Amino acid sequence: VMLKPPSSDPLMGCADDDKLIDFTDVDIRLPMLVYMSREKRPGYDHNKKAGAMNALVRASAVMSNGPFILNLDCDHYIYNSQAIREGMCFMMDRGGEDICYIQFPQRFEGIDPSDRYANHNTVFFDGNMRALDGLQGPVYVGTGCLFRRIALYGFDPPSKRKSSRKNKPPPESDTQALRDDMVEYDDEIGMEIHPKRFGNSTVLAESILVAEFQGRPLADHPAIQNGRPPGALLAPREPLDASTVAEAVSVISCWYEDKTEWGDRVGWIYGSVTEDVVTGYRMHNRGWRSVYCITKRDAFRGSAPINLTDRLHQVLRWATGSVEIFFSRNNAFLASSRLNILQRIAYLNVGIYPFTSLFLLVYCFLPALSLFSGHFIVQTLDVTFLVYLLTITTTLIVLALLEVKWSGIGLEEWWRNEQFWLIGGTSAHFYAVVQGLLKVIAGIEISFTLTSKSAGEDNEDIYADLYIVKWSSLMIPPITIMMVNLIAIAVAFSRTIYSEVPQWSKLLGGVFFSFWVLAHLYPFAKGLMGRRGRTPTIVFVWSGLIAITISLLYIAINPPKSTTSVGTSGFQFP
């Protein structure tokens, strides 16, 4: 315990010449501050971040029991001190009793000015998340989120518990109706509090109803249901004693969760690399809704990986979690009727998007195949096909322009997102699908590398990490795509020049599509160059092996036609 709970009475500061800030007539009380390091033992699965968050929830319930919980990653900090108040206003306002969490956008520092690898992810945070806010709410992204404690305990929202309150006689007054609702809702929750669900801590069990009551909106209007009367929170806090601290230590022990529903129905959900998405999905599936809160001044800021290899490993971890979700009971196909139909489609996309890498790989190799074979992708360019192609292309362009204008995203940011979507789709997403299938079919567990974030400790160059090239097998598919398309362009160009009837239209068509693929891979190629073009030797080795393999395969599949001529000495020359 770093700071003990403050007293109930205000503590005013006084003028002091030695201090830089004048605290005269300012309440200088500080809230309780507790540092927690949970117990870990061999043989017990500590469940990484999800296990740490659940331990924090239990310890805080015993010691402070605040009705709202702010979740920040260790590389994030508070940039706007009023953001928490804005988030609480949503939950405490009329109709806010069904809000499970307030998600804030992620904003990053230390990103290179060009945002080479789309670290800001503006299309997702300023486009997709805003769109989800119009449905049942944004997904939980793992940090910058303000939770309602009672929602983390796995209870249904108040609006979904009203079925048992029908066919009752009308109340005598609004006050009586409020009191009846409070008693009935407490009884319903109390029936679900038992050791098999929350563990054998009596203090923790008793804190649940208190947290639920304190998190209710203020009943200052007849339209507010499940509210609390004014002045109900003015009771003084009990002082912290040794028994309370001992209880907090007990609930974070490694054995406490045995034979309970922690990690299954209660708290952060276990069993997935992306436990954040699964936890938010479970809340939405129970009928809760969430809110996306964008403040004028950024609420929180953090760091992100600006190195190519670290960025690819981060995307691999996210995509692997999505594949796990697709093959688990958390698949949105199996969601309850409480999940909005469009919200269900959004969660389906979360689990399906890594599988688009299979089609994306085919898309990237098709132009090269066209150039190698000498045949255009489409054999006959009739009017029907051209109209179809023009309609699809125009629709995609219009949709992109509307999204950019609606969300306020710059065209350069949108293009960076498109580029890295292809880079990640042909590397990390494809590997995630393979790993997911191996886990489902062969039972091979998935391991991932923790993301290394930019520290910005180099005073001479704060973007030094951007130029570091660390070899990874994730780089093989994009390098292969680049080499195949470059070799295909060279082969098609030489064939066209030395042919008796050059067909430049077919060449230009295939070259255009190959250059379109290469344009998307430009940030990846630039990342391989490192600082001042210092490309690692391993990149040249892999590029040479890939080029030789492709050339030999092409010769084996399509051997050159041989012509025989007889010389003066009788020998045959090919």
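How each quantity is defined
- Residues numbered from 1 in each chain as written.
- Predicted model: local features only at pLDDT ≥ 70, side-chain atom pairs only at ≥ 80, totals over all residues.
- Heavy atoms only, no water.
- UniProt positions renumbered as here; feature names shortened; annotations may be inferred.
- Helix = DSSP H or I, 4+ residues; strand = E, 2+ residues; numbered from the N terminus.
- Contact = heavy atoms within 4.5 Å.
- Buried < 20%, exposed > 50% of the residue type's maximum accessible area, 1.4 Å probe, protein only.
- Disulfide = S-S within 2.5 Å.
- Pairing = 2+ DSSP bridges.
- Core = buried A, V, L, I, M, F, W, Y, C linked by side-chain atoms within 4.5 Å.
- Salt bridge = Lys/Arg side-chain N within 4 Å of Asp/Glu carboxyl O.
- Expected span 1.5 Å × (residues − 1).
- Arc of directions from axis to C-beta.
- pLDDT = per-residue confidence, 0-100.
- Phe/Tyr/Trp six-rings, centres within 6.5 Å; stacked < 30°, edge-to-face > 60°.
- Lys NZ or Arg CZ within 6 Å of the ring centre and 35° of its normal.
- Axes fitted to C-alpha atoms, helices over the stretch in contact; angles between N-to-C directions.

- Per an unreviewed UniProt entry, the protein chain is named Glycosyltransferase 2-like domain-containing protein, and its organism is Nymphaea colorata.
- Regarding the protein chain, the relevant UniProt record gives this comment under Subcellular location (unreviewed entry): "Endomembrane system".

## Some words on the overall build of the protein chain
Here comes step 1: When helices and strands are counted, the protein chain shows 19 helices and nine strands.
Here comes step 2: For the protein chain, the proportion of contacts with a sequence separation of at least 24, taken over those separated by at least 6, is 79%.

## Here we look at the UniProt feature "transmembrane region" (unreviewed entry) in the protein chain
Here comes step 1: This chain's UniProt record puts "transmembrane region" (unreviewed entry) on residues 346-371, 383-402, 479-498, 504-525 and 537-557.
Here comes step 2: The distance from the first to the last C-alpha atom of residues 346-371 is 38 Å, and the span holds 88% helix and 0% strand.
Here comes step 3: Regarding residues 383-402, the helix share stands at 100% and the strand share at 0%, and the terminal C-alpha atoms are separated by 28 Å.

## Looking at the UniProt feature "binding site: UDP-alpha-D-glucose" (unreviewed entry) in the protein chain
Here comes step 1: Mapped onto this numbering, the UniProt entry gives "binding site: UDP-alpha-D-glucose" (unreviewed entry) at Lys-48.
Here comes step 2: Its place among the elements puts Lys-48 in helix H1 (residues 48-63).

## Quick look at the environment of Glu-238
Here comes step 1: Counting through the fold element by element, Glu-238 comes out in the loop between helix H7 (202-214) and helix H8 (242-251).
Here comes step 2: Glu-238 gets classed as exposed once you look at its relative accessible area, which sits at 68%.
Here comes step 3: Along the chain, Glu-238 and Ser-8 lie 230 residues apart, while their C-alpha atoms are 9.6 Å from each other.

## Observations concerning the state of the cysteines
Here comes step 1: In this structure the tally under the stated criterion is zero disulfides.
Here comes step 2: Of all cysteine sulfurs, the one in Cys-89 lies closest to Cys-293, which takes part in no disulfide; the gap is 9.2 Å.

## A closer look at the pairing of strand S5 (residues 145-148)
Here comes step 1: By the alternation rule, side chains of S5 split into Cys-145 and Phe-147 and Leu-146 and Arg-148, which are all buried.
Here comes step 2: Bridge count between strand S1 (residues 68-71) and S5: four bridges; the pairing is antiparallel. Bridge pairing links Asn-71 to Cys-145 in S5.

## Focus on the nonpolar core
Here comes step 1: If you look at the biggest cluster of nonpolar residues, it comprises 52 residues, and the most contacted ones within it are Phe-147 and Tyr-153.
Here comes step 2: With eight residues, the single largest contributor to this core is H1.

## Considerations on the pattern of salt bridges
Here comes step 1: Within the structure shown, the criterion is met by 14 salt bridges.
Here comes step 2: Between Glu-212 and Arg-216 there is a salt bridge, and its shortest N-O distance comes to 2.8 Å.
Here comes step 3: Note on Glu-212: relative accessible area 5%, which makes it buried.
Here comes step 4: In this structure, the salt-bridge partner of Glu-261 is Arg-265, at a minimum N-O distance of 3.7 Å.
Here comes step 5: By relative accessible area, which is 40% here, Arg-265 ends up partly exposed.
Here comes step 6: One continuous salt-bridge network, built from bridges that share partners, spans Arg-107, Glu-109, Asp-126, Asp-298 and Arg-301.

## Here we look at helix H15 (residues 428-442)
Here comes step 1: Taking 1.5 Å of rise per residue, 15 residues should cover 21 Å, and H15 covers 20 Å from first to last C-alpha, within 8% of that figure.
Here comes step 2: What H15 keeps buried is the set Ala-428, His-429, Ala-432, Val-433 and Gly-436. Taken down its axis, H15 places every buried residue within 140 degrees of arc, on the same side. Among the exposed residues of H15, those pointing more than 90 degrees away from its buried face are Ile-441 and Ala-442.
Here comes step 3: Once H15 ends, the next one or two residues include Gly-443, with phi positive near 75 degrees.

## Observations regarding the confidence of the model for the protein chain
Here comes step 1: For the protein chain, the average pLDDT comes to 80, and 81% of its residues sit at 70 or higher.
Here comes step 2: Per-residue pLDDT stays below 50 along residues 170-175; that stretch engages in two contacts with residues further than four places along the chain or on separate chains.
Here comes step 3: Note that pLDDT drops below 50 for residues 563-574; the model gives that stretch nine contacts with residues more than four away or on any other chain.

## Some points on the packing of aromatic side chains
Here comes step 1: Considering all chains together, one arrives at 21 aromatic pairs under this definition.
Here comes step 2: Both rings, one in Tyr-140 and one in Trp-268, keep their centres 6.3 Å apart while their planes meet at 65 degrees; by these two values the pair is edge-to-face. Of this pair, Tyr-140 sits in the loop between helix H3 (122-133) and S5 while Trp-268 sits in the loop between H8 and helix H9 (275-285); the two residues are 128 residues apart in sequence, bridging distant segments of the chain. The same class applies to Tyr-140 and to Trp-268, which are both buried.
Here comes step 3: Ring geometry for Phe-430 versus Tyr-431: centroids 6.3 Å apart, planes at 75 degrees, classification edge-to-face.
Here comes step 4: Under the relative-accessibility criterion, Phe-430 is labelled partly exposed at 26%.
Here comes step 5: Its relative accessible area of 21% is what places Tyr-431 among the partly exposed residues.
Here comes step 6: Members of the aromatic cluster, each reached through a chain of ring pairs, are Tyr-101, Tyr-140, Phe-147 and Trp-268.
Here comes step 7: Stacked on the ring of Trp-262, the Lys or Arg Arg-58 has its end atom at 4.9 Å from the ring centre.
Here comes step 8: Between Arg-197 and the ring centre of Phe-155, over which it is positioned, the NZ or CZ distance is 4.9 Å.

## Quick notes on the sheet that holds strand S4 (residues 107-109)
Think of a sheet as strands paired side by side through backbone hydrogen bonds, with each pair either parallel or antiparallel.
Here comes step 1: Pairing is mixed in the open sheet, where three strands are placed in the order S2-S7-S4. Unpaired on one side and paired on the other, strand S2 (76-78) and S4 mark the two borders of the sheet. Going from strand to strand, the sheet's axes swing by 35 degrees on average, the running direction of each strand aside.

## Remarks on the sheet that holds strand S3 (residues 99-103)
Here comes step 1: Strands sit in the order S1-S5-S3-S6 across an open sheet of four strands; the sheet is mixed. Looking along the sheet, the strands with just one partner apiece sit at the ends: S1 and strand S6 (289-292). Strand-to-strand twist in this sheet, taken as the mean axis angle between neighbours without regard to direction, amounts to 20 degrees.
Here comes step 2: Inspection of the sheet shows S3 paired to S5 by three bridges, in the antiparallel sense.

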